[in-house]
Amino acid sequence: MAYSSLSTLLLSLLLLSSAVAQPSFRPKALVLPVTKDSSTLQYLTHLNQRTPLVPVSLTLDLGGQFLWVDCDQGYVSSSYSPARCRSAQCSLAGADSCGQCFSAPRPGCNNNTCGLFPANTVTRTATGGELASDVVSIQSTNGENPGRVVSVPKLLFVCGSTFLLEGLASGVKGMAGLGRTRISLPSQFSSSFSFPRKFAICLTSSTRSNGVVFFGDGPYFFLPNTDASESLIYTPLILNPVSTAAVFSQGDASSDYFIGVKSIKINEKRVNINTTLLSIDSEGVGGTKISTVNPYTVLESSIFKAVTEAFAQSLSKIPKVEAVAPFGLCFNSKNISSTRVGPGVPSIDLVLQSESVFWRIFGANSMVQVSDEVLCLGFVDGGVNPRTSIVIGGYQIEDNLLQFDLARSRLGFSSSLLFRQTTCANFNFTSNA
Ligand SMILES: *[C@@H]1O[C@H](CO)[C@@H](O)[C@H](O)[C@H]1NC(C)=O
Ligand SMILES: *[C@@H]1O[C@H](CO)[C@@H](O)[C@H](O)[C@H]1NC(C)=O
Ligand SMILES: *[C@@H]1O[C@H](CO)[C@@H](O)[C@H](O)[C@H]1NC(C)=O
Ligand SMILES: *[C@@H]1O[C@H](CO)[C@@H](O)[C@H](O)[C@H]1NC(C)=O
């Protein structure tokens, strides 16, 4: 009798737990908060990973190939599972190597596993690491609020090492790669939940509030009531056939997102630059990419010089002050008015596939307040012969929503949300679950 009621109890507990564990709920989109670290200017997010779940702080890497985390220190999880050589996971990841590890087995050190090269893209350092999977849980969203938490039981990532964290913000344990690969976070989330292969980032300029990454399609609402997925301007995403990673194999394409900037205008006047630098050559050199690990836009030297001179010329009546590194052109902020979209300075247009399609950069995204009195043009000199001629950095995309449509290979951009009286810090993170 006692046995039977115990088993009934167990049975009902089992039924209860399976009802909880297998909801029919399928999310249409997912959401992650993103903060800006004031000392490194990196954009940080966190994922809940492992069993038991722990929050793992990560530097956001738009062009990064995959999620990597430090497995050398503090990786404890009963659901960690290394990817065995020649498994479907290794082939999805394009990892053909087969590795041995000559110390005690632990996460990151197992025999007969395939590996990849996790990279710290801030310092451009890389190492070898085991491909593995573990559970990740994340909040779903209807585009207005975060909703129920959902999990991906076997999310692929790569084990990095403790030394690879050098140069990342304090407390960070790895990097969240959103790049163009089959195992980046957007690809894995879309395939796990069968939602559209799209994601969007909206970074905030504030170091005290949250910006946001959405995985999946819109709406993407910002308070009080702006759906930033509406009225986007689209431009093709361009594949750079040659990898831009620190370590890669021959034949690997770049995981970075490139767009086709054809010319640059300041105050609607074309800047004279060498347009050869704007296209990607057969070695993968040149072109324009977007990066969240560069705090400011980096321009190849001759482009930097031309843009800086043209900008100075169009503000010739305003007295310049001594430039503050890393910038090359600064003004007394008292001489510059302010507008809804930041300091009142000439617009900078990145002209795309046709003259009528351009990304217009206003003062809020071009001018950096370096002190009470000094405002600088927020572009930096990338030297001669850089791998990529224009790297659009974090400051220039803050308070703009960028949607990456991987299926259609196009970028949708909102231009400054300040025009619509909202910002990227205005997603309502109060859960409605
Ligand atoms: C891997 O195999 C080698 C050779 O058999 C052995 O010495 C080593 O301890 C093993 N490593 C792990 C992590 O099991
Ligand atoms: C333009 O840039 C290309 C690629 O770096 C270079 O080969 C060429 O000499 C440059 N042209 C001029 C006029 O400077
Ligand atoms: C710039 O600001 C200074 C200090 O406020 C003022 O004396 C000067 O007239 C201003 N110059 C221009 C061109 O606005
Ligand atoms: C944010 O969302 C919560 C939950 O839906 C709602 O109660 C609250 O009113 C929203 N906040 C604002 C400012 O609209």
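Fair warning: this is a prediction, and the values are worked out from it, not measured in the lab.

**Structural notes on the site of ligand 1**
Every residue close to ligand 1 is listed here: Gln 100, Cys 101, Phe 102, Ser 103, Pro 105, Cys 109 and Asn 111. At 2.7 Å from a nitrogen atom of ligand 1 is found a main-chain nitrogen or oxygen belonging to Cys 101. Here an oxygen atom of ligand 1 sits 2.3 Å away from a polar atom, N or O, in the side chain of Asn 111. Alone, ligand 1 offers 360 Å² of accessible surface; in the complex the protein occludes 52% of this.

**What to know about the UniProt feature "domain: Peptidase A1" (unreviewed entry) in the protein chain**
Mapped onto this numbering, the UniProt entry annotates "domain: Peptidase A1" (unreviewed entry) at residues 43–414. In residues 43–414, the share of helix is 10% and the share of strand is 37%. The end C-alpha atoms are 20 Å apart.

**Quick word on the pairing of strand E11 (residues 174–177)**
Note that strand E3 (residues 54–61) and E11 share three bridges and pair parallel. Among the inter-strand pairings, Thr 59 is bridged to a residue of E11, identified as Met 175. Note that strand E4 (residues 67–70) and E11 share three bridges and pair antiparallel. Bridged to Val 69 within E11 is Gly 174.

**Focus: the nonpolar core**
Core analysis: the largest hydrophobic core is formed by 74 residues, its most contacted members being Phe 189, Phe 215, Ile 264, Ile 290, Phe 311, Trp 359 and Phe 404. Among the elements that make up this core, the one with the highest residue count is helix H4 (residues 301–314) (six residues). Here this core spans two domains, and each of domain 1 (29–218) and domain 2 (226–426) adds at least three residues to it. Those residues in contact with Phe 215 that lie beyond four places of it in its chain are Lys 28, Ala 29, Leu 30, Leu 32, Ile 138, Leu 178, Leu 185, Pro 186, Phe 189, Phe 195, Lys 198 and Phe 199. Ranked by size, the runner-up nonpolar core spans 20 residues in total, among them Leu 44, Ala 95, Cys 114 and Leu 165.

Rules used in this analysis
- Residue positions are given per chain, counting from 1 as you read along its sequence in written order.
- Ligands are numbered from 1 and chains lettered from A, in the order in which they are written.
- It should be noted that, the model being predicted, local features are given only for residues of pLDDT at least 70 and side-chain atom pairs only at 80 or more, the latter also being counted only at that level, while totals for whole chains, interfaces and linings use all residues.
- The basis for the side-chain values is all heavy atoms of the structure; hydrogens and waters are excluded.
- Nearness is defined per residue: one heavy atom within 4 Å of the molecule or strand is enough.
- Counted as a polar contact is a pair of N or O atoms within 3.5 Å, where, for protein atoms, one must be capable of donating a hydrogen and the other of accepting one, and residues adjacent in sequence contribute only when both atoms are in side chains.
- Surface accessibility follows the Shrake-Rupley procedure with a 1.4 Å probe radius. Residue values consider only the protein chains on display as shielding.
- UniProt positions are given in the numbering used here, feature names are shortened, and annotations may be inferred rather than shown by experiment.
- Under the DSSP-based scheme used, a helix requires at least four consecutive residues in state H or I and a strand at least two consecutive residues in state E, with every element numbered from the N terminus.
- A pair of strands counts as paired when DSSP detects no fewer than two bridges linking them.
- Nonpolar cores are built from buried Ala, Val, Leu, Ile, Met, Phe, Trp, Tyr and Cys residues. Side-chain atoms within 4.5 Å join them into one set.
- Any residue under 20% of the maximum accessible area for its type is buried, any over 50% is exposed, and the rest in between are partly exposed; the area is computed with a 1.4 Å probe on protein chains only.
- The domain boundaries here were taken from an automatic or database domain assignment.
- By definition, residues are in contact when any of their heavy atoms lie within 4.5 Å.

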